[in-house]
Amino acid sequence: MNDAYNYRERLWLYTAVQNPDDRYKPFVRFSKREVSRLEMTLVDGHLALVGEEFGDDMKGWALVRVIEDRCSPQTIITRCTYYQQYTTNEALQTAAKSYGGLTMPPLSSFR
């Protein structure tokens, strides 16, 4: 909230970027930067980071509020669906085969 400012707080924006490499294997690169409240915009009574960067579907973000040795709970927020192609039963079987196979039923039997 806009009125919850503490002069000892620091805001850290963690950014995750998903990309395939040249062989189409996924990887995620993480970075962090300190955010000033001056970069934030008031939206429905809450401070928010807005802008073109936050429309990138291959990125995810976590904004962490740190005061002295305590930090806020955090979750990475993303619209990226790139990982979903690696969560199919076919992808599991392909990965398992590369490790010598599995001795368990397919994922569809766990539903």
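Higher on the page you've got the structure.
Definitions and cut-offs
- Residues numbered from 1 in each chain as written.
- Predicted model: local features only at pLDDT ≥ 70, side-chain atom pairs only at ≥ 80, totals over all residues.
- Heavy atoms only, no water.
- Buried < 20%, exposed > 50% of the residue type's maximum accessible area, 1.4 Å probe, protein only.
- Helix = DSSP H or I, 4+ residues; strand = E, 2+ residues; numbered from the N terminus.
- Pairing = 2+ DSSP bridges.
- Core = buried A, V, L, I, M, F, W, Y, C linked by side-chain atoms within 4.5 Å.
- Contact = heavy atoms within 4.5 Å.
- Salt bridge = Lys/Arg side-chain N within 4 Å of Asp/Glu carboxyl O.

## Side note on the pairing of strand 5 (residues 59-67)
In regular strands, side chains alternate between the two faces of the sheet.
For step 1, the next point in the chain: Burial within strand 5 is extensive, with seven of its nine residues counted as buried.
For step 2, the next point in the chain: As paired elements, strand 5 and strand 7 (residues 77-78) share two bridges and run antiparallel to each other. Opposite glycine 60, over in strand 7, you have threonine 78 as the bridge partner.
For step 3, the next point in the chain: Both strand 5 and strand 6 (residues 70-71) contribute to a ladder of two bridges, which runs antiparallel. Bridge pairing in strand 6 places isoleucine 67 opposite arginine 70.

## A few points about the nonpolar core
For step 1, the next point in the chain: By size, the foremost hydrophobic cluster in this structure holds seven residues: Leu11, Leu13, Val35, Met40, Leu49, Phe54 and Trp61.
For step 2, the next point in the chain: Among residues more than four places away in sequence, those in contact with leucine 11 are Arg33, Glu34, Val35, Arg37, Met40, Leu63, Val64 and Arg65.

## A word on the pattern of salt bridges
Pairing between side chains of opposite charge can happen when the charged atoms of each approach one another.
For step 1, the next point in the chain: If you walk through the whole model with that rule in mind, you get five salt bridges.
For step 2, the next point in the chain: As a salt-bridge pair, arginine 65 and glutamate 9 come within 2.4 Å of each other at their nearest N and O atoms. Of this pair, arginine 65 sits in strand 5 while glutamate 9 sits in strand 1 (residues 9-20), and the two are 56 residues apart along the sequence.
For step 3, the next point in the chain: For arginine 65, a relative accessible area of 29% puts it in the partly exposed group.
For step 4, the next point in the chain: Assessed through its relative accessible area of 9%, glutamate 9 is described here as buried.
For step 5, the next point in the chain: For arginine 33, the salt bridge goes to glutamate 39, with nearest N and O atoms at 2.9 Å.
For step 6, the next point in the chain: By relative accessible area, arginine 33 is classed as partly exposed at 33%.
For step 7, the next point in the chain: For glutamate 39, a relative accessible area of 36% corresponds to the partly exposed category.
For step 8, the next point in the chain: One salt-bridge network, held together by shared partners, links Glu9, Arg37 and Arg65.

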